[in-house]
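# Coordinates in review
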Amino acid sequence: QKYGYYHCKDCNIRWESAYVWCVQGTNKVYFRQFCRTCQKPYNPYRVEDITCQRCKQTRCTCPVKMRHVDPKRPHRQDLCGRCKGKRLSCDSTFSFKYII
């Protein structure tokens, strides 16, 4: 799971997502996300690891993890290529190896 930056060229809308699923060890994206306005699917134009803002590590041991992800923000299943039309949401599953 990684963090991605998106841009819809038709609507000129930009968004970010902490639900970017990549091939392990790469930035090759498995699933596209859909623009909330025109519903066209897009891959992120930039992908990065989800890091702690305090220590800048992906797997940190900080007592209070400060991530650039808001865990309280709801996941938009209707715009996610991985969980669109499925019973399970990305935020309730960890990765393919746990689903299969």
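Residues numbered from 1 in each chain as written. Predicted model: local features only at pLDDT ≥ 70, side-chain atom pairs only at ≥ 80, totals over all residues. Heavy atoms only, no water.

## Some remarks on the pairing of strand S2 (residues 13-20)
- Judged from the six bridges that link them, strand S1 (residues 2-8) and S2 form a sheet pairing that is antiparallel. Of the residues in S2, the one forming a bridge with Cys 8 is Ile 13.
- Counted along the chain from S1 to the antiparallel partner S2, the turn is four residues long, and its residue Asn 12 has a positive phi close to 60 degrees. (Pairing = 2+ DSSP bridges. Helix = DSSP H or I, 4+ residues; strand = E, 2+ residues; numbered from the N terminus.)

## Thoughts on the packing of aromatic side chains
- Scanning all chains against the criterion turns up five aromatic pairs.
- Taking the centre distance of 5.4 Å and the plane angle of 70 degrees together, the rings of Tyr 3 and Tyr 5 count as edge-to-face. Comparing Tyr 3 with Tyr 5 shows no difference in burial state: the two are buried.
- A network of ring pairs unites the aromatic residues Tyr 3, Tyr 5 and Tyr 45 as a single cluster. (Phe/Tyr/Trp six-rings, centres within 6.5 Å; stacked < 30°, edge-to-face > 60°. Buried < 20%, exposed > 50% of the residue type's maximum accessible area, 1.4 Å probe, protein only.)

## Quick notes on the confidence of the model for the protein chain
- For the protein chain, per-residue confidence averages 78 on the pLDDT scale, and residues scoring 70 or more make up 77% of the total.
- The least confident element of the protein chain is helix H1 (residues 96-99), whose mean pLDDT is 41; the most confident is strand S4 (residues 41-42), at 93.
- In this model residues 94-100 is a low-confidence stretch, pLDDT under 50, and it forms nine contacts with partners more than four residues away in sequence or in other chains. (pLDDT = per-residue confidence, 0-100. Contact = heavy atoms within 4.5 Å.)

## Quick notes on unusual backbone geometry
- One non-glycine residue, Asn 12, lies in positive phi territory at about 60 degrees.
- Along the chain, Asn 12 falls in the loop between S1 and S2.
- Look at Asn 12 and you get exposed, because its relative accessible area is 56%.
- Unusually for a residue other than glycine, Gln 39 sits at a positive phi of about 65 degrees.
- Examined against the element boundaries, Gln 39 turns out to sit in the loop between strand S3 (33-34) and S4.
- What makes Gln 39 partly exposed here is its relative accessible area of 37%.

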